[in-house]
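# Structural overview for review
Given next are the chains, with one letter for each unit.
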Amino acid sequence: MLKALHHIAGAPRIASDGSFLDVHDPATGLCIAKVARGDAADVEAAVEVAGLAQPAWAALRPSERAAWLFRLAEAMERKAEDFIELEALDTGKPLALIRDIEFPRALANLRFFAAAVTQFASECHHGEAGLNYTLRQPLGVVACITPWNLPLYLFTWKIAPALATGNTVVAKPSELTPLSATRLAELASEIGLPPGVLNLVHGRGEDAGRALVTHPRVRAVSFTGSTRVGREIGAVCGGQLKKASLELGGKNASIVFADAPREGLAETLLRAGWQNSGQICLCGSRLLVQRSVFDEVRTALLEAAPRWVVGDPRHAETRLGPLASAAQFDRVCRAVREAREAGGRILLGGEPVRLDGRCEGGWFYAPTLIEDLPEDCPLHQQEIFGPVIVLQPFDDAADALRLANATPYGLAASVFTRDLATAHAMAARLHAGVIWINGWMIRDLRTPFGGFGDSGLGREGGLESLRFFTEPKNVCLPI
Ligand code: NAD
C-alpha cells in the first residue's frame, strides 16, 4: 500500500506518533494509501527547519530561485505519467482531464512564477518628499494550505510564488488527496533543492492545519478551501497580525442573454457546470437564461448533455469521474433531494450512478439539470460542489443582476451576449472577482484572482501573489 509521509528537511518522515489516515480511491471506494496523520509536533519540526533554511534561500538571487523552479518543472514533466497516475488515484479524476488541463497548468504555475520573479520590480517615488524606494523582502516561513479538488494545480499555484520570492514553505495538502504533493516534495529533494526550503506536513485540518496556522513563526497563510475554514483562519491570522490570503467557495452564475452567440454555447455552459464533476470553485452552478430563449437553451443543453459520459476515470470516453469522497457524495445527494422537496423539476440526472465491475463501489453522481426551483430556495445560495446546474429565467439585465448578485459569495460569473455595452455594464456591476464574457475558465496567470464576500479575501495571481509573499519596506533619502 502507498504511504504518503511528511517531507521535512528534505526527507520523508512519519507522524510524530506514528499514526496514519486512510486515503481512498473515489472511483472504487477502496482504501489505496495511508497518509501520515500529522500534529503540532510535526508542524513544529517543519517550521523549525524551514526557519533555518530561509536566510540562505532568501540570499539567492531571484534568477537563482527561478532556476530551481524551472528545474522542478522540468523534472515533473519528465515524470508526467507518474504524476497523472497519482493525481487520478486519490481524486478519481478522468485521466484526460489531468493530462490535458490540470497537469499542464501545474507545470505552467511553476514556470510562470519562476519567470515572473525575475521581472518583479519595486516602486520608486521622488520629487515630493525626498527619494523613496521600496524594498520587497520575503516574509520568512509561510504556510500553503490546499483543498482536494485541484490538488497539484493549487499546490503549485501557491508554493511557486512563495518560494520564488525567497520564503521557505510548510505546505499542508488535503488529507483526502495527498499523493501528488508528496511526490512533488520528494522530487524537489531528488533534484537537490536545499533541505528545509519546501516542507510538507500531512494530516487533518483540525490537527496539522490548525497547528500550522497558529504557529507564531509562520508569517503568512495562503489558503484555498471552504468558507467555513477560511473564516476561522482569517480570525486566527487577524489575532496574530499575520498575512492571510483566503480563496474560498463560490456560487457562480452563467448569464445567457437572448443575443448570446450560439456556437459552442451549450457545451461551454455544461463544462462550466460539470467539469471535474462540478467540484471547482469557479463552476457556473447557476444558469440564468433570458426568458425569451429559455426553452431554446434548455433544449440545446439536453441535446449536448449525452456527451458528458460518467464512467471509470481510466476510460478514454469518460468525462465525469466520481465525487471526491463519501461525504461529498452524501452532500450532493442531500442537496438534490432538498431541491426536489422544494419543488425543483429534475430535467436530467438527479441520482447516483452505479457502475459495474471495478467501479461498483465508487461515488458517481449523474450530471444534473434542475429548473423551477423557487427563487427563495436556499440552494440558490449554497455551494453544492457537484455536477448540478440550476436553471433560472430572467427578464432583463436588471433582473439578471439582481439574481446573480443574490448570494453571499462573489467569486466568478460569465456573461453571454453579443452586445458589448450589456457585457461591460454587467461586468462592472456583478459582485464577483472574476468575470468572463462569452466564455468560462479562460485563465491568464498574470491577472488578479479571488473573490468578494464569502468567496474570500485578497487576490492571488501574477504580481498579486508576489506582493502577498513579500513585505514592502520604504526607504527614504531626504534629497
Ligand atoms: P476545506 O476548507 O475543508 O479544507 C481545505 C484545506 O484546509 C485542507 O487541507 C484541510 O485539511 C485544511 N483545513 C481544514 N480545517 C482547517 C483548520 N481549522 N485550520 C487549517 N487548515 C484546515 O476545503 P475542501 O473541502 O478541501 O475544499 C473544497 C472547498 O474549497 C470548496 O468550498 C471550494 O469552493 C473551495 N475552493 C476554492 C478555490 C478558490 O480559488 N476560491 C479553489 C478551489 C477550491
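Because the structure is a prediction, the values reported are computed rather than measured.

Calculation criteria
Residues numbered from 1 in each chain as written. Predicted model: local features only at pLDDT ≥ 70, side-chain atom pairs only at ≥ 80, totals over all residues. Heavy atoms only, no water. Domains from an automatic or database assignment. Contact = heavy atoms within 4.5 Å. Buried area = accessible area lost by both parts, 1.4 Å probe. Salt bridge = Lys/Arg side-chain N within 4 Å of Asp/Glu carboxyl O. Polar contact = N/O pair within 3.5 Å; in protein donor to acceptor, adjacent residues only side chain to side chain. Helix = DSSP H or I, 4+ residues; strand = E, 2+ residues; numbered from the N terminus. Axes fitted to C-alpha atoms, helices over the stretch in contact; angles between N-to-C directions. Parallel < 35°, antiparallel > 145°, perpendicular 65-115°, else oblique. Left-handed = near helix turned anticlockwise from the far one by under 90°. Nonpolar A, V, L, I, M, F, W, Y, C, P; charged D, E, K, R; others polar. Near = heavy atom within 4 Å. Buried < 20%, exposed > 50% of the residue type's maximum accessible area, 1.4 Å probe, protein only. Pairing = 2+ DSSP bridges.

Let's shift gears to the domain arrangement of the protein chain. Domain annotation of the protein chain identifies domain 1 (2–248 + 455–477) and domain 2 (253–445). The interface is formed by 32 residues belonging to domain 1 together with 30 residues belonging to domain 2. Buried area between domain 1 and domain 2, both sides added, is near 2,400 Å², and the carbon and sulfur share of it is 58%. For the interface between domain 1 and domain 2, the tally reads 2 salt bridges. Between E85 and R314 there is a salt bridge, with the nearest N and O atoms lying 3.1 Å from each other. At the boundary of domain 1 with domain 2, the tally comes to 9 residue pairs in polar contact (both at pLDDT 80 or more). Of all the elements in the fold, those that place two or more residues in the side of domain 1 that touches domain 2 are β4 (20–25), α3 (80–91), α4 (95–118) and α5 (151–164). For the side of domain 1 that touches domain 2, the element with the highest residue contribution is α4, accounting for 8 residues.

With that out of the way, let us pick up the packing of α5 against helix α6 (residues 179–190). Put simply, α5 and α6 touch, their axes get as near as 8 Å, and they point 45° apart. One element, α5, and the other, α6, form an angle in the oblique class. At the point where α5 passes α6, the crossing takes the right-handed sense. Seen from α5, the contacting residues are P151, L152, F155, T156 and I159; seen from α6, they are S180, A181 and L184. Here the residues of the contact of α5 with α6 are counted per class, giving 6 nonpolar, 2 polar and no charged.

Here we come to the site of the ligand. By nearness alone, 29 residues border the ligand, and T146, E175, S226, L248 and E383 come closest of all. For the ligand, a nitrogen atom lies 3.2 Å from a polar atom in the side chain of E232. Those elements that provide at least two residues to the shell around the ligand are α7 (205–214), β11 (218–224) and α8 (227–240). If one sorts the elements of the shell around the ligand by residue count, α7 sits on top with 4 residues. Class assignment for the residues of the shell around the ligand results in 14 nonpolar, 9 polar and 6 charged. When residues of the shell around the ligand are assigned to domains, at least three map to each of domain 1 (2–248 + 455–477) and domain 2 (253–445).

Next up on the list: the pattern of salt bridges. What the rule picks out here adds up to 28 salt bridges. Between R446 and D444 there is a salt bridge whose closest N-O contact spans 2.7 Å. Assessed through its relative accessible area of 32%, D444 is described here as partly exposed. Salt bridges linked by common partners bring D295, R298, R345, E371 and D372 together as one network.

Turning our eyes to something else, we now look at the pairing of β4. Burial of β4 is one-sided: the residues L21, V23 and D25 facing one way are buried, the residues F20, D22 and H24 facing the other way are not. The pairing of β4 with strand β5 (residues 30–36) spans 6 bridges and is classified as antiparallel. For D25, the partnering residue across the bridge sits in β5 and is L30. With antiparallel pairing between neighbouring strands as the criterion, β4 and β5 make up a hairpin whose turn holds 4 residues, including G29 at a positive phi of roughly 80°.

Pairing between the strands of a sheet comes from backbone hydrogen bonds, and it takes one of two forms, parallel or antiparallel. Pairing within the open sheet is mixed, and its 3 strands lie in the order β1-β5-β4. Among the strands making up the open sheet, the edge pair consists of β1 (2–4) and β4. For this sheet the average axis-to-axis angle between neighbouring strands, irrespective of direction, equals 35°. On the sheet, α3 packs against β1, β4 and β5 and is oriented at approximately 95° with respect to β4.

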